[in-house]
Amino acid sequence: MTIRTLQHEESLETVRDELVYTDARLKKSKHTKPHVGALADLLTRWQTVFVGQLGVWDAQTVAQAGVDAVDDDLDDLVDDTDRALRQIVKDDRGSARYRRYFPEAPSALARLGLESELDRVRTWPGSLGSEPEDALKTLAPAVAASVAEGDAAVAERRAAAAAGADQRVRDIVRLVDDVNAARRSLYGTLIQLAEAQHLASDWPRRFFRRRERAARKKQA
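Keep in mind it's a predicted model, so treat the numbers as computed, not measured. (Residues numbered from 1 in each chain as written. Predicted model: local features only at pLDDT ≥ 70, side-chain atom pairs only at ≥ 80, totals over all residues. Heavy atoms only, no water.)

Caption draft 1: Looking closely at the pattern of salt bridges. With the rule as written, the count across this model stands at 18 salt bridges. When the shortest N-O distance is used, the salt bridge between R4 and E10 registers 3.0 Å. Residue classification places R4 among the buried positions, given a relative accessible area of 19%. Between E133 and R97 there is a salt bridge whose closest N-O contact spans 2.8 Å. Of the two residues, E133 sits in the loop between α6 (124-129) and α7 (134-137) while R97 sits in helix α3 (residues 96-101), which places them 36 residues apart along the sequence. Relative accessible area serves as the criterion here: at 22%, E133 is assigned to the partly exposed category. Since its relative accessible area comes to 31%, R97 is described here as partly exposed. Taken together, the shared-partner salt bridges in this structure form one network comprising R4, E10, E18 and R183. (Salt bridge = Lys/Arg side-chain N within 4 Å of Asp/Glu carboxyl O. Buried < 20%, exposed > 50% of the residue type's maximum accessible area, 1.4 Å probe, protein only. Helix = DSSP H or I, 4+ residues; strand = E, 2+ residues; numbered from the N terminus.)

Set out below in structure tokens:
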């Protein structure tokens, strides 16, 4: 019977908990004094990887905040355009001019995510700028600026997501693989030690947290 393999999808906190538990068990056993500190390098490395993950999470949160900010501003401009147009067409929402901008209700447009909303209003600046009424003309620069800001915000969010995926495969997955390798190596060493000192057959496994123990800890 072997120890469990940590999965790539497990949280870094769980990985650290396993390392700390085994490290503590090594320190508390009179038979394993020579092996104390066997996981120290991995614990130090874990801190570096976790700080990196926090940085990635922060970047993703900041990027999403930027998307939400532009989305709100663009929704306000959609409302401004709706009000200006309804005054011009005397609230005839079925008119060709009104439906040029709003083939669907303005509220439906505003409910879209930013990327989809950008696709719907991307041509508005040119059209608004060519309208005869000043009430529409004056909206063109603001919509154009919002579209540019939206494209930048969406690009930032995509970059943040890509950085998160890169950090996972380059740092987190590799860390988990190395932790598993170190645990298996240590387990083999403990098996040899148990055999040499005629210890209980389950003695090597006592240095690794069991699933049921981890579950009980979460419920406490």
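Caption draft 2: Examining the packing of helix α1 (residues 12-28) against helix α8 (residues 139-196) more closely. Where α1 contacts α8, the two axes come as close as 11 Å, and the packing angle between them is 25°. Relative to α8, α1 is oriented roughly parallel. The element α1 and its partner α8 pack so that their crossing is left-handed. Along the contact surface, α1 presents L12, V15, E18, L19, T22 and L26, while α8 presents I172, L175, V176, V179, R183, L186 and L190. (Axes fitted to C-alpha atoms, helices over the stretch in contact; angles between N-to-C directions. Parallel < 35°, antiparallel > 145°, perpendicular 65-115°, else oblique. Left-handed = near helix turned anticlockwise from the far one by under 90°. Contact = heavy atoms within 4.5 Å.)

Caption draft 3: Main features of the packing of aromatic side chains. A full pass over the atoms with the stated rule returns six aromatic pairs. Measuring from ring centre to ring centre gives 4.8 Å for W46 and F50, while their planes differ by 10°; the resulting arrangement is stacked. Of this pair, W46 and F50 both sit in helix α2 (residues 40-88), four residues apart, which is roughly one turn of the helix. Judged by relative accessible area, W46 falls into the buried class, the value being 7%. With relative accessibility at 17%, the residue F50 sits in the buried group. When the ring of Y187 is compared with that of F208, the centres are 5.8 Å apart and the planes differ by 85°; the resulting orientation is edge-to-face. Of the two residues, Y187 is situated in helix α8 and F208 in the loop between α8 and α9 (211-219); the sequence distance between them amounts to 21 residues. (Phe/Tyr/Trp six-rings, centres within 6.5 Å; stacked < 30°, edge-to-face > 60°.)

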